[in-house]
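What the coordinates show
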Amino acid sequence: MTKEKQLERMGTTSGNKTDKSTAFTYTLGEHGAPLIDKAKISIECEVDGNYELENFDNFICKILATYADEGILNDSGKISYHTFKPVLFEFPTYEYFVTGSKVGDCGKMNK
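Summary of the structure given here. Along each chain, the written sequence defines residue order, and numbers are assigned to residues from 1. Residue-level local features of this predicted model are given only where pLDDT is at least 70; pairs of side-chain atoms are given and counted only at 80 or more, and the full residue set underlies all totals for whole chains, interfaces and linings. Hydrogens and waters are ignored; side-chain quantities use all the structure's heavy atoms.

Points about the pairing of strand β5 (residues 87–90)
A pair of strands is treated as paired once DSSP finds two or more bridges between them. Only runs of H or I of at least four residues qualify as helices and only runs of E of at least two qualify as strands under DSSP, and these elements are numbered from the N terminus. As paired strands, β5 and strand β6 (residues 95–98) are joined by 4 bridges and run antiparallel to one another. Looking at the pairing, Val87 lines up with Val98 of β6. The turn linking β5 back onto β6 is made up of 4 residues, and Tyr94 within it adopts a positive phi angle of 60°.

Comments concerning the state of the cysteines
Sulfur atoms of two cysteines make up a disulfide when they are within 2.5 Å. Considering all chains together, one arrives at 0 disulfides under this definition. Cys45 takes part in no disulfide bond, and the closest cysteine sulfur to it belongs to Cys61, at a distance of 5.0 Å. Relative accessibility decides the category of a residue: with a 1.4 Å probe and only protein chains considered, values under 20% of the type maximum give buried, values over 50% give exposed, and everything between is partly exposed. Exposure remark for Cys45: the relative accessible area of 36% places this residue in the partly exposed category. Here Cys61 falls in the partly exposed class, since its relative accessible area comes to 40%.

What follows is the structure, given as structure tokens:
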């Protein structure tokens with residue numbers, strides 16, 4: 001299965017109806033969450049609340065740990081969005097968007 005088909009399956013198939021746990025190889029994070037081995041970034045969270053809508057639940061999560069592939073980090077150890085271009089999944093159109101193009105520069109903020 002191509003990367004695009006895997007991505008589409010994850011975004012459009014409900015985990016309530018299909019077991020997606022075998023779609024990718026994974027390793028457990030320090031807090032027990034399965035982290036996809038080939039992911040460039042993984043964020044381990046714990047659910048802090050749930051905002052329920054008529055047909056959808058929005059989970060409010062607290063970040064417990066963040067993992068990033070060294071290949072996407074800059075010299076300061078921060079994520080380089082010139083290198084890493086995250087993909088966003090948009091409801092209700094079920095479309096994917098690539099980010100990462102610089103559109104402005106605010107300069108450094110004074111403290």
